[in-house]
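# Working through the structure, step by step
For reference, the chains in residue letters:
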Amino acid sequence: MAVPRFWREIPNRYNLVGARCGNCNKVLFPPRYICPHCRRMGKLEPYRLKRRGKVLTYTVVHAAANGFEDQAPYVLAIVELEDGPRLTAQVTDCNTDEIKIGDEVEIVFRRMGEDGQDGVIYYGFKARRV
Amino acid sequence: MRDVAIIGVGLTKFGELWDVSFRQMMMEAGARAIEDAGIDGKQIDAMYVGNMSSGQFIRQEHISSIVADHAGLVPIPSTRVEGACASGGLALRQAVIAVASGIHDIIVAGGIEKMTDVLTGQATGALATAADQEWEVFVGATFPGLYALMARRHMYEFGTTEEQMAMVAVKNHHNACFNTCAQYKTEITVEDVLKSPPVTSPIKLLDCSPITDGAACVILAPAEKARKFTDTPIMVAGTGQASDTIALHGRSSLTSLRATIEAARTAYKIAGVKPDDIDLVEVHDCFTIAEIMAIEDLGFCKKGEGGKMTEQGETVIGGRIPVNTSGGLKGKGHPVGATGIAQAVEIVQQLRGEAGKRQSDGAEIGLTHNVGGSGGTAVVHVLRRGD
């Protein structure tokens, strides 16, 4: 992949910047360009989300996604953030038998992988139990 | 709008077909359907082909031209339709709409996927492109992973068990044993499923549908002309399609597919039927939890009771509502773009009474349910005997 594919998402992935609609006040993450609730009446502005949330569901991934082989088995979860939006994230620093639904987590900055041996190293977020 | 009938069906064998190419598979399914319909190629007005990802699986796009070309049917209009694993169902729907509108009369609706020309890792990577690349796959999600997230939540909310999920696989393997086209004609036990290697807990290897080569085809005609070709036309009584967020985390419910509920609502309304009127169904069991959620979302039991309904034997051949008599995606195989068409082939064979040892007696109305991705697309068709 060309490098811009990674750097254009940097504010969102590093700093958890999504959007808030000035019309309905809903917070949106991952970022969107039109408010799905208000559509053209929406007024989206960048919004930095709070990093706390809780686990709604999880799985232990044994058959890893391409590029994640060296991390298997790893925990993957859907987290509901305090601001409302949900996101999918790996749960890091966690034994595979420790995780449960309802666990409180915070979203932390982590190295995610690399685009092949000569490609860009890319970063994003994972969740960590608190 | 005109009523639409299915007048012919054809299927290839499903499996790891090393010696058969994409082109050969599509011609085989197409020729069988045309022969079954008793039509001449010259009568065909147009074709729609469901295919998810020929670009990634065989490094060939623009297959609409290839299929028309190899069928000797140029210059008829030929269109590829893509909606991930729902591509076949969407191709059928586009063909139904085209006949209903009056713009075409006789249409071929095909579906195909050639998945074994790439290594397994490349194939699962190709399938993962039906999920949200930027916000699911980027963080390490896989398709079994996304369905495992639904399964875990379903277990938490409703008490669904791994044994109940395993029973879906056991039933579908059993049904597949009576289907000559099926990939897995082998019986398995609940214990086999529970002891199979973990993929993405609670999903284990035998909870997953396989990687499959295969093609399927149906021929559509306006209902008023159908009897010229066949004594047993099968009417397309209803069609429904719906969308949802690409990412699972974007949805308010993690235990039902809104796209399924909406597509079914439309299809039932057009057909003028209720879930109770349906005699048998082919649902999208890409993973065992998907069948449990599907029978709930389609209205065959209350939300959360799909596991219990399976455990009580209501979904076996001869049960209250047989589910996946063909073997489903789990037993028959899941060549993604072909699946939606293959489901219609099974229902047509059942309604005609031609399903042999897996025949569901007295079936008059059947339903097909085809899902793309983790539920970003769903398409439902209600089929009914024409007499």
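Residues numbered from 1 in each chain as written. Chains lettered and ligands numbered in written order. Predicted model: local features only at pLDDT ≥ 70, side-chain atom pairs only at ≥ 80, totals over all residues. Heavy atoms only, no water.

## Here's the deal with the sheet that holds strand 8 (residues 234–243) of chain B
All names here are of chain B. In space, the nine strands of this open sheet follow the order 3-2-4-7-1-8-11-10-9, with mixed pairing throughout. The two strands at the open ends of the sheet, each matched to only one other strand, are strand 3 (78–81) and strand 9 (280–282). Between one strand axis and the next, the sheet turns through 25° on average, direction left out of account. Looking at chain direction, strand 8 and strand 11 (residues 377–385) are connected through nine bridges and run antiparallel. Looking at the pairing, Ser-243 lines up with Thr-377 of strand 11. Its contacts with the sheet put helix 10 (residues 258–271) on strand 8, strand 10 (365–372) and strand 11, and the angle it makes with strand 8 is roughly 150°. (Pairing = 2+ DSSP bridges. Helix = DSSP H or I, 4+ residues; strand = E, 2+ residues; numbered from the N terminus. Axes fitted to C-alpha atoms, helices over the stretch in contact; angles between N-to-C directions. Contact = heavy atoms within 4.5 Å.)

## So, the packing of aromatic side chains
Enumeration over the complete set of coordinates arrives at ten aromatic pairs over all chains. Ring geometry for Phe-29 of chain A and Trp-135 of chain B: centres 5.4 Å apart, planes at 70°, overall edge-to-face. One end of the pair, Phe-29 of chain A, is in the loop between strand 2 (27–28) and strand 3 (44–48); the other, Trp-135 of chain B, is in the loop between helix 5 (120–128) and helix 6 (143–158), on a second chain. In this pair, the class of Phe-29 of chain A matches that of Trp-135 of chain B, namely buried. Ring centres of Phe-125 of chain A and Trp-135 of chain B lie 6.4 Å apart, and the angle between their planes is 15°; this geometry places the pair in the stacked category. Linking Phe-125 of chain A in strand 8 (residues 121–129) with Trp-135 of chain B in the loop between helix 5 and helix 6, this pair reaches from one chain into another. By the burial criterion, Phe-125 of chain A is buried, and Trp-135 of chain B matches it. The structure contains a cluster of three or more aromatic residues connected by ring pairs, namely Phe-6 and Tyr-122 of chain A together with Phe-138 of chain B. Directly above the aromatic system of Trp-135 of chain B lies the positively charged group of Arg-13 of chain A, at a separation of 4.9 Å from the ring centroid. Stacked on the ring of Phe-138 of chain B, the Lys or Arg Arg-13 of chain A has its end atom at 3.5 Å from the ring centre. (Phe/Tyr/Trp six-rings, centres within 6.5 Å; stacked < 30°, edge-to-face > 60°. Buried < 20%, exposed > 50% of the residue type's maximum accessible area, 1.4 Å probe, protein only. Lys NZ or Arg CZ within 6 Å of the ring centre and 35° of its normal.)

## Considering the sheet that holds strand 3 of chain A
Each strand in a sheet pairs with another by means of backbone hydrogen bonds, the pair being arranged parallel or else antiparallel. Residues and elements named next belong to chain A. Pairing is antiparallel across the open sheet formed by three strands, whose spatial order is 2-1-3. Each edge of the open sheet is held by one strand with a lone partner, namely strand 2 and strand 3. Where strand 1 (residues 17–21) lies against strand 3, five bridges are found, and the strand directions are antiparallel. Among the inter-strand pairings, Cys-21 is bridged to a residue of strand 3, identified as Leu-44.

## Re the environment of Ala-223 of chain B
Turning to its location among the elements, Ala-223 of chain B is positioned in helix 9 (residues 223–226). Along the backbone, Ala-223 of chain B and Val-108 of chain B are 115 residues apart, and their C-alpha atoms lie at a distance of 15 Å.

## Let's talk about helix 14 (residues 336–352) of chain B
Residue and element names in this part refer to chain B. With 17 residues, helix 14 ought to run about 24 Å at 1.5 Å a step, and its terminal C-alpha atoms sit 25 Å apart, in line with that. Of all 17 residues in helix 14, 16 are buried, a share of seventy percent or more. Downstream of helix 14 by one or two residues, Gly-353 has phi in the positive range, about 80°. (Expected span 1.5 Å × (residues − 1).)

## A short note on the interface of chain B and chain A
Each partner contributes to the interface: chain B provides 29 residues, whereas chain A provides 36 residues. Where chain B abuts chain A, roughly 2700 Å² becomes buried across the two surfaces, and 62% of that area is made up of carbon and sulfur atoms. Scanning the region where chain B abuts chain A turns up two salt bridges. The partner of Arg-13 of chain A in a salt bridge is Glu-134 of chain B, with the nearest N and O atoms 2.7 Å apart. Connecting chain B to chain A are 15 residue pairs in polar contact (both at pLDDT 80 or more). Looking at the side of chain B that touches chain A, its residues break down into twelve nonpolar, twelve polar and five charged. (Buried area = accessible area lost by both parts, 1.4 Å probe. Salt bridge = Lys/Arg side-chain N within 4 Å of Asp/Glu carboxyl O. Polar contact = N/O pair within 3.5 Å; in protein donor to acceptor, adjacent residues only side chain to side chain. Nonpolar A, V, L, I, M, F, W, Y, C, P; charged D, E, K, R; others polar.)

## Some details on the packing of helix 6 of chain B against helix 11 (residues 288–297) of chain B
All names here are of chain B. Running from N to C, helix 6 and helix 11 point in directions that differ by 60°, and their axes come no closer than 10 Å. In terms of orientation, helix 6 lies oblique with respect to helix 11. The handedness of the crossing between helix 6 and helix 11 is left-handed. Contacts between helix 6 and helix 11 involve Tyr-147, Met-150, Ala-151 and His-154 from the former and Ile-289, Ala-290, Ile-292, Met-293 and Glu-296 from the latter. Per-class residue counts for the contact of helix 6 with helix 11 are seven nonpolar, one polar and one charged. (Parallel < 35°, antiparallel > 145°, perpendicular 65-115°, else oblique. Left-handed = near helix turned anticlockwise from the far one by under 90°.)

## Details of the nonpolar core
Counting 99 residues, the largest nonpolar core has Leu-87 and Phe-125 of chain A together with Tyr-147, Tyr-268, Ile-278, Phe-300 and Val-382 of chain B as its most contacted members. For this core, the element with the highest residue contribution is helix 6 of chain B, accounting for eight residues. Viewed by domain, this core spans two of them, domain 1 (4–119 + 212–234) and domain 2 (128–208 + 237–385) of chain B, each represented by three or more residues. Once you skip the residues sitting within four places of it in the chain, Phe-300 of chain B turns out to touch Tyr-268, Pro-275, Ile-278, Val-281, Ile-295, Met-309, Arg-320 and Ile-321 of chain B. Counting residues in hydrophobic clusters, the runner-up holds 37 residues, among them Val-4, Ile-107, Leu-280 and Ile-347 of chain B. (Core = buried A, V, L, I, M, F, W, Y, C linked by side-chain atoms within 4.5 Å. Domains from an automatic or database assignment.)

## Considerations on the packing of helix 7 (residues 162–176) of chain B against helix 11 of chain B
Two packed helices can be described by the angle between their axes and the distance between those axes. All names here are of chain B. Viewed as axis vectors pointing N to C, helix 7 and helix 11 meet at an angle of 95°, and their least axial separation amounts to 8 Å. For the element pair helix 7 / helix 11, the angle class is roughly perpendicular. From helix 7, Gln-164, Met-165, Val-168, Ala-169, Lys-171 and Asn-172 reach across to helix 11, where they touch Thr-288, Ile-289, Glu-291 and Ile-292.

## Observations concerning the domain arrangement of chain B
Residue and element names in this part refer to chain B. Splitting chain B by domain gives domain 1 (4–119 + 212–234) and domain 2 (128–208 + 237–385). With centres defined by C-alpha atoms, the gap from domain 1 to domain 2 works out at 22 Å. At the junction of the two partners, domain 1 supplies 44 residues and domain 2 supplies 36 residues. The junction of domain 1 with domain 2 conceals about 3100 Å² of combined surface from both sides, 68% of it contributed by carbon and sulfur atoms. In terms of surface lost to domain 2, no three residues of domain 1 exceed Phe-14, Cys-85 and Ile-234, which account for 23% of the buried area on that side. Our count for the contact surface shared by domain 1 and domain 2 stands at one salt bridge. One salt bridge in this structure joins Arg-352 and Asp-36, with 2.9 Å as the shortest N-O distance. On inspection of domain 1 and its partner domain 2, the count reaches 13 residue pairs in polar contact (both at pLDDT 80 or more).

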